[in-house]
Amino acid sequence: SQTIHQWPATLVQPVGSPLSLECTVEGTSNPNLYWYRQAAGRGLQLLFYSVGIGQISSEVPQNLSASRPQDRQFILSSKKLLLSDSGFYLCAWMRTGNNSPLHFGNGTRLTVT
Amino acid sequence: QKEVEQDPGPLSVPEGAIVSLNCTYSNSAFQYFMWYRQYSRKGPELLMYTYSSGNKEDGRFTAQVDKSSKYISLFIRDSQPSDSATYLCASKETSYDKVIFGPGTSLSVIP
């Protein structure tokens, strides 16, 4: 069976500090990978998605970036965090092809102080 | 106009009630429809996944899609306090890799 791991679960970082969130998927090959952000009481905002190693599509211009150095590894980064970067960050995967739903990790709660 | 709209609630029902959760969407190219349940401080959990119009039942949950009116519903029978969560609807096109979510409806089932 497939599993998705996301860490850390919670993170408190000062404004201006760097960020690195990591997500890995087990039990499948060549998945589509996604980073979403969920602000308090709001819906899911798609930040980045990737259909293959080194292939990143950005949905929202901001100070965040994403990388996919390996097939089942997806990393969300920032060089300098802003207060507005606070939120709940969710990694998700989808099997390649049309007939497949999205599966989420348990998220990282980021607070920028 | 947002692609997927959903009444945020909150919705409060007594235990045992039938719950109806609804979404509308604007993109006629959406073919796949999903419902997720999200508990506080957890990632969304897939509940139902349907293709095109029609009904799908899984235990106490029934998903219904009406493509002619661009309307998506989730029914929960014999609701339980453990059903208290935020419910998210989502849609995607056939040849598109992005899944679009509604804002979610907060549900409380009161014992």
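Draft legend 1. Structural detail: the interface of chain B and chain A. If you look at the interface, chain B gives 20 residues, while chain A gives 24 residues. When the two sides are added together, the surface that chain B and chain A hide from each other amounts to roughly 1800 Å², 55% of it contributed by carbon and sulfur. Counting across the interface, chain B meets chain A through 1 salt bridge. Between K98 of chain B and E59 of chain A there is a salt bridge, with the nearest N and O atoms lying 2.9 Å from each other.

Draft legend 2. Main features of unusual backbone geometry. In this model, W7 of chain A is joined to P8 of chain A through a cis peptide bond whose omega is -5 degrees. Tracing the chain through its elements places P8 of chain A in the loop between β1 (3–7) and β2 (10–13). Residue P10 of chain B is bonded to the preceding G9 of chain B through a cis peptide linkage, with omega at 10 degrees. Position of P10 of chain B among the secondary structure elements: in the loop between β1 (4–6) and β2 (11–14).

Draft legend 3. Inspection of the sheet that holds strand β7 (residues 61–66) of chain B at higher detail. All names here are of chain B. Strand order across the open sheet formed by 5 strands is β1-β3-β8-β7-β6, with antiparallel pairing between neighbours. Pairing within the sheet leaves two strands with one partner each, and these edge strands are β1 and β6 (54–58). Shown here is a sheet whose adjacent strand axes are inclined to one another by a mean of 20 degrees, direction ignored. Alignment of β7 against strand β8 (residues 71–76), held across 6 bridges, turns out to be antiparallel. Within β8, the position partnered with V65 by the bridge is I72.

Draft legend 4. Structural detail: the sheet that holds strand β3 (residues 19–26) of chain A. Residue and element names in this part refer to chain A. Taken together, 4 strands build an open sheet; the order of strands is β1-β3-β8-β7 and the sheet is antiparallel. Two strands close off the open sheet at either side, each with one partner strand: β1 and β7 (64–70). Direction aside, the axes of adjacent strands within the sheet are offset by 20 degrees on average.

Draft legend 5. Structural view of the nonpolar core. Of all hydrophobic cores here, the largest spans 23 residues; its most connected members are W35, L74 and Y87 of chain B. Of all the secondary structure elements, the ones that give two or more residues to this core are β3 (19–25), β4 (30–38), β5 (45–51), β7, β8, β9 (85–93) and β11 (105–110) of chain B. Examining the composition of this core, we find that 4 residues originate from one element, β3 of chain B, more than from any other. With 20 residues, the next largest nonpolar core counts I4, W35, C91 and L110 of chain A among its residues.

Draft legend 6. Summary view of the state of the cysteines. Scanning the model with the defined rule gives 2 disulfides over all chains in all. Here C23 of chain A engages in a disulfide with C91 of chain A; their sulfurs sit 2.0 Å apart. What sets the handedness of the C23 of chain A and C91 of chain A disulfide is the S-S torsion sign, and at about -75 degrees it is left-handed. Residue C23 of chain A is found in strand β3, and its partner C91 of chain A is found in strand β9 (residues 87–94); the two are separated by 68 residues along the sequence. Overall, C23 of chain A belongs to the buried group, its relative accessible area being 1%. Shown here is the disulfide that connects C23 of chain B with C89 of chain B, its sulfur atoms set 1.9 Å apart. Between C23 of chain B and C89 of chain B, the S-S torsion sits near -105 degrees, and that sign places the bridge as left-handed. You can see C23 of chain B sitting in strand β3 and its partner C89 of chain B sitting in strand β9, a full 66 residues away along the chain. The pair C23 of chain B / C89 of chain B is uniform in exposure class, with both members buried.

The rules behind the values
All residue numbers refer to position in the chain's written sequence, counted from 1. Both sets of labels track the order of writing: A upward for chains, 1 upward for ligands. With pLDDT at 70 or above as the cut-off, local features in this predicted model cover only qualifying residues; side-chain atom pairs require 80 or more to be listed or tallied, and sums for whole chains, interfaces and linings still use all residues. Processing note: side-chain calculations cover all non-hydrogen atoms of the structure and skip hydrogens and water entirely. Any two residues whose heavy atoms approach within 4.5 Å are treated as being in contact. When two parts are brought into contact, each loses some accessible area as probed by a 1.4 Å sphere; the total of that loss over both is the buried area. Only one rule defines a salt bridge in this text: a Lys or Arg side-chain nitrogen within 4 Å of an Asp or Glu carboxyl oxygen. What counts as a helix is a DSSP run of H or I of at least four residues, what counts as a strand is a run of E of at least two, and both are numbered from the N terminus. Two strands form a pair only when DSSP identifies at least two bridges running between them. Between the N-to-C directions of two axes lies an angle of 0 to 180 degrees, each axis being a line fitted to C-alpha atoms and, for a helix, fitted only over the stretch in contact. Remark: nonpolar core denotes a set of buried residues (Ala, Val, Leu, Ile, Met, Phe, Trp, Tyr, Cys) joined through side-chain atoms within 4.5 Å. Each residue is assigned to one of three classes by its accessible area relative to the maximum for its type, calculated with a 1.4 Å probe on protein chains only: buried under 20%, partly exposed between the two thresholds, exposed over 50%. Any pair of cysteine sulfurs within 2.5 Å is marked as a disulfide.

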